[in-house]
Amino acid sequence: MSAISTPQQTLLTSSSDLTGRWIQLALGVLCMMAISSPQYVWALFTKPLLGQVGGSLAQLQVTFSILIVLQTFFSPFQGFLVDRFGPRLLLSLGAILTGASWVLSANAHSVSNLYLTYGLLGGLGTGIVYVGVVGLMVRWFPERRGFAVGMVAAGYGFGAILTTFPISSSLASVGYAQTLTLFGYIIGAVGLIAAQGLKRPPTESATQSIQSPQKSTGVRPAVMLKTPVFWLMFIMMAMMSTSGLMVISQMGAFAKDFGVANVLVWGMAALPLALTIDRFTNGLTRPFFGWVSDRIGREHTMALAFGLEAIAMFAWLGLREDPLWFVLLSGIVFFGWGEIFSLFPSTLTDTFGTRHATTNYGFLYMAQGIGSILGGPIAALVHQATGSWVPVFGLMIALDLTAALLAFFVLKSMRSRYLARTAEPAFAADAVSATK
């Protein structure tokens, strides 16, 4: 489906606001890149942290779950604060908290210390930045929503590409404490500087007010939370988050169990090479499938991408002891997963409008927190109970396939019926890209 453009939109894109919003997009990408490492390089820290703080892998993985849970469960409140006080102040605070979480984690001597530093501070900091940036982009780019959200989400996926090998090298040479301290200062400073240029669209926004008054309106969170279509999206996002976050949080552990972690592939150790490739494909998929969804529809794209991840994980499991295939298929797995961070916020805003987009997405983003619990400590406990990663992978594949089927056979018709019933000026134009 091609995007629908109006004369007012054409006029808008020839104005100075065109340059302004592309600058906003670039700054949003930079902010996302700055806060990506706490989630995406966690697997590199699990082994040295276990040696320092003790405990079991399942106990340590609670740190990762706290990071994601707080990043997501507080996001409706964080989104409200961003809407209330503006992006510059809140995103600056988020960047400072993110950097501080690593600096303070360097001195952690127990698992509980990690829960408070890496988990608590990191989750609050990254959550403010993430939900704030996504909420801005759906407003700045109403006619290219999938692509714009995909681009900033790509920054979150791509950001760790720049840090994976440097952090891996630093861990080997100076240890985890100095590594956390150095990179904590770097990611905090980069995010803080980028946040200074972020702002709301003019007149909330010129993009909205020029096109039509309805663009600045939409469904309130209290109303949205009563709709079945929201809860279906929430369940689907929780399913997909579980599979992806299992891989992110456990990859260091199962790569070691598969016997491929330190095997050389193209002259590099398989695990950090796979993590680097994953960051690239995890970033690339977000604008790519966002762009695709702007044209063929959100649900069709979901079914395609979610099914791809299921197939890739099945092949990955079957070829798990081959280091080359381990590296290559890990990249395909992430190419089928990372697009959830462009498809779900775009679909949500298509359905419920832009006025409360940041807060509304905050509620949907909580599904990521549930996924972190299921994919983190719960998956580790399943492995611990069975002594094998095969049941864990089997569960993840089932979740991916179920989400793909729900997108095509249930979500599409449910959203169509909802939009037909509520075809009011408040959000009818916002939903135009949802109809195919």
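Reading the values: rules and limits
- Residues numbered from 1 in each chain as written.
- Predicted model: local features only at pLDDT ≥ 70, side-chain atom pairs only at ≥ 80, totals over all residues.
- Heavy atoms only, no water.
- Helix = DSSP H or I, 4+ residues; strand = E, 2+ residues; numbered from the N terminus.
- Buried < 20%, exposed > 50% of the residue type's maximum accessible area, 1.4 Å probe, protein only.
- pLDDT = per-residue confidence, 0-100.
- Contact = heavy atoms within 4.5 Å.
- Axes fitted to C-alpha atoms, helices over the stretch in contact; angles between N-to-C directions.
- Parallel < 35°, antiparallel > 145°, perpendicular 65-115°, else oblique.
- Nonpolar A, V, L, I, M, F, W, Y, C, P; charged D, E, K, R; others polar.
- Expected span 1.5 Å × (residues − 1).
- Bend = angle between axes of the 7 residues up to and from the residue.
- Phe/Tyr/Trp six-rings, centres within 6.5 Å; stacked < 30°, edge-to-face > 60°.
- Lys NZ or Arg CZ within 6 Å of the ring centre and 35° of its normal.
- Core = buried A, V, L, I, M, F, W, Y, C linked by side-chain atoms within 4.5 Å.
- Patch = residues over 30% accessible without salt bridge, like charges linked within 9 Å, V, L, I, M, F, W, Y side chains within 5 Å.
- Areas by Shrake-Rupley, 256 points an atom, 1.4 Å probe, with all protein chains shown as cover.
- Salt bridge = Lys/Arg side-chain N within 4 Å of Asp/Glu carboxyl O.

Student: Looking at this structure, how should I read the environment of S169?
Tutor: By the secondary structure assignment, S169 is in helix α10 (residues 161-174). Given the relative accessible area of 47%, S169 is considered partly exposed.

Student: Help me understand the confidence of the model for the chain in this model?
Tutor: If pLDDT is low for a region, its predicted coordinates should not be looked at in detail. Of the residues in the chain, 89% reach a pLDDT of 70 or more, and the chain-wide mean stands at 84. In this model, residues 1-16 is a region of pLDDT below 50 whose contacts with residues beyond four sequence positions or in other chains number 25 contacts. Confidence over residues 205-216 falls short of pLDDT 50; this stretch has 27 contacts with residues more than four positions distant or in other chains.

Student: Quick question: what am I supposed to make of the packing of helix α14 (residues 228-258) against helix α18 (residues 340-352) here?
Tutor: Each pair of packed helices can be described by the angle between their axes along with the distance between the axes. Following both chains from N to C, one finds α14 and α18 inclined at 175°, their axes separated by 11 Å at the closest point. By the angle between their axes, α14 is roughly antiparallel relative to α18. Each of V229, F230, M233, M236, M237, M240 and S241 in α14 lies in contact with α18, whose residues at this interface are I340, F341, F344, T347, L348, T351 and F352. The class makeup of the residues in the contact of α14 with α18 is eleven nonpolar, three polar and no charged.

Student: What is the right way to look at helix α19 (residues 357-386) in this model?
Tutor: Because an α-helix completes one turn every 3.6 residues, residues spaced three or four positions apart along the sequence face the same direction. Compared with an ideal rise of 1.5 Å per residue, which puts 30 residues at 44 Å, α19 spans 42 Å between its outermost C-alpha atoms and is within 8% of the ideal. I378 marks where α19 bends most, by close to 35°. Positioned one or two residues after α19, G387 has a phi angle of 75°, which is positive.

Student: Is there a simple way to think about the packing of aromatic side chains in this case?
Tutor: In the structure shown here, the tally under the stated rule is 30 aromatic pairs. Measuring from centroid to centroid gives 5.4 Å for F289 and F335, while their planes differ by 50°, and the two rings are tilted. Taken as a pair, F289 in helix α15 (residues 270-296) and F335 in helix α17 (residues 323-335) lie far apart in primary sequence, 46 residues in all. F289 sits in the buried class, given a relative accessible area of 3%. Between the aromatic rings of F334 and W337, the centroid separation amounts to 6.0 Å while the plane-to-plane angle is 85°, which identifies the pairing as edge-to-face. The same class applies to F334 and to W337, which are both buried. Grouped by ring-pair contacts, the aromatic residues Y130, Y156, F334, W337, F341, Y361 and Y365 constitute a single cluster. The ring of F258 is capped by R320, whose NZ or CZ atom sits 6.0 Å from the centre of that ring. In this structure, K412 packs its charged tip against the face of F408, placed 5.9 Å from the ring centre.

Student: It is not clear to me how the nonpolar core should be interpreted in this structure. Could you clarify?
Tutor: Among soluble globular proteins, nonpolar side chains are generally buried collectively. Judged by nonpolar contacts, the single largest core of 123 residues is most densely connected at F45, Y130, F254, F306, F341 and Y361. It is α14 that contributes the most residues to this core, 19 residues altogether. In this structure, F254 is in contact with M246, V247, W316, F326, W389 and F393, ignoring residues within four places of it in sequence.

Student: It is not clear to me how a nonpolar patch on the surface should be interpreted in this structure. Could you clarify?
Tutor: Residues F73, F74, F77, F80, I370, I373, L374, I378 and L381 make up a contiguous nonpolar surface patch of roughly 760 Å² in combined accessible area. When residues of the nonpolar patch are traced back to their parent elements, those giving at least two are α6 (75-85) and α19. No other element matches α19, which puts five residues into the nonpolar patch. Within the secondary structure, F80 is located in helix α6. The partly exposed category is assigned to F80, whose relative accessible area is 45%.

Student: Help me out: how do you make sense of the pattern of salt bridges in this one?
Tutor: Oppositely charged side chains may form a pair once their charged atoms are brought near each other. Per the counting criterion, the structure on display carries four salt bridges. Of the charged contacts in the structure, one is a salt bridge between R298 and D350, with a shortest N-O distance of 2.6 Å. Linking R298 in helix α16 (residues 298-318) with D350 in helix α18, this pair joins segments that are 52 residues apart in sequence. Taken individually, R298 and D350 each receive the classification buried, so the pair is uniform in this respect.

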